[in-house]
Amino acid sequence: MSSFSSLYNRIYEHNAKNSEYITNFRKNPYSYVKARYYFFTANIIVYLLQNINFNPRLISFFYILQGFIAMILLNVENQTLNLVAIFLFFSKGTLDWADGHYARLKNQTSLTGHILDIYGARLNSVFFLISLGFYQYLKYENIYFLFMVILLPIFMLGYFEKYAYQLIFNNFGLNKFIKNSSKKKFNPGKDNKFFKVKYLFLNILDDRSRSIDFILLCLIIEIYFEFKISYILFFFIFVKWLIIWLYSLFFHTSMYWAENIISRKEKDIFK
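Attention in this report is confined to the structure presented alongside it. (Residues numbered from 1 in each chain as written. Predicted model: local features only at pLDDT ≥ 70, side-chain atom pairs only at ≥ 80, totals over all residues. Heavy atoms only, no water.)

## Observations concerning the environment of A164
- Its location among the elements puts A164 in helix α8 (residues 160-170).
- On the accessibility criterion, A164 (8% relative accessible area) is buried.
- For the pair formed by A164 and W257, sequence separation is 93 residues and the distance between their alpha carbons is 9.8 Å. (Helix = DSSP H or I, 4+ residues; strand = E, 2+ residues; numbered from the N terminus. Buried < 20%, exposed > 50% of the residue type's maximum accessible area, 1.4 Å probe, protein only.)

## Re the nonpolar core
- Among the nonpolar cores identified, the biggest contains 38 residues, and L129 and W241 are the most heavily contacted of them.
- Counting only elements with at least two residues in this core, the list comes to α3 (57-73), α4 (79-90), α6 (111-140), α7 (143-157), α11 (209-224) and α12 (230-251).
- Per-element tally for this core: the top contributor is α6, with nine residues.
- Apart from the residues within four sequence positions on either side, L129 is in contact with L152, M156, F234, I237 and W241.
- Of all hydrophobic cores here, the second largest spans 15 residues; its members include L7, I11, I59 and L95. (Core = buried A, V, L, I, M, F, W, Y, C linked by side-chain atoms within 4.5 Å. Contact = heavy atoms within 4.5 Å.)

## A look at unusual backbone geometry
- In this structure, N107 takes a positive phi of about 55 degrees despite not being glycine.
- As for its placement among the helices and strands, N107 is situated in the loop between α5 (92-105) and α6.
- Given the relative accessible area of 69%, N107 is considered exposed.
- At L205, a residue that is not glycine, the phi angle is positive and equals roughly 50 degrees.

## Things to note about the packing of α3 against α5
- The N-to-C vectors of α3 and α5 enclose an angle of 170 degrees; their axes lie 8 Å apart at closest approach. Relative to α5, the element α3 is oriented roughly antiparallel. Side by side, α3 and α5 meet where I59, S60, F62, Y63 and Q66 of the first sit next to K92, L95, D96, A98, D99 and Y102 of the second.
- When the residues that make up the contact of α3 with α5 are grouped by side-chain class, the tally is six nonpolar, two polar and three charged. (Axes fitted to C-alpha atoms, helices over the stretch in contact; angles between N-to-C directions. Parallel < 35°, antiparallel > 145°, perpendicular 65-115°, else oblique. Nonpolar A, V, L, I, M, F, W, Y, C, P; charged D, E, K, R; others polar.)

In structure tokens form, the structure reads like this:
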């Protein structure tokens, strides 16, 4: 049986290799501290489960279930349950980090497990925004919030770029998709000011912990004080995803965009 400290060192060393913010307090102080909260709580779970053998994906399933339960609890007319939901959303990364930690301990890591992690994180983001939208609808009894709740998952999960990548992957290697890949090339222009603004825009109120935790803090303030701001944040997020959806529909349907993506991916795979 591994000690708690040795398990903690394992999860720290693994993630420190892949995440710069974990070891740089000055550059990302909040992420630095939040990562250690995830380290500690995920390590408790793995420490308690280390002598039990099961598929790590079960932890991932509980990770997804956690977000679904929190979505429901946030919209129950009970202050205590609302606070439980906020805590579950705040701690959502614990199970996300625990499944990978457990899989490495049991030597059961896989690409499928990694994809399930990403899928679970995406679902949790959708659960959180849906719950935030229903929270506004129940609070203000405004039908427009309900419409936004319905449309938001469509924007998040159904924008053209995402669908295109799925189709490209399913048909990867077919000549009809790559025959024109040597024609006009798309240059993303990373140094272009437009793309710098785009990057900044995408990082405002994104689905990372710092953004979600800020919204959760606003919800706590609203529960105890007459201070209403979360509806503004939800409206901004809705507009942001609407813009992303429209941008993808316009920009990613440009000539030879898909062909160029395949050309770049082929080079990445076979280099």
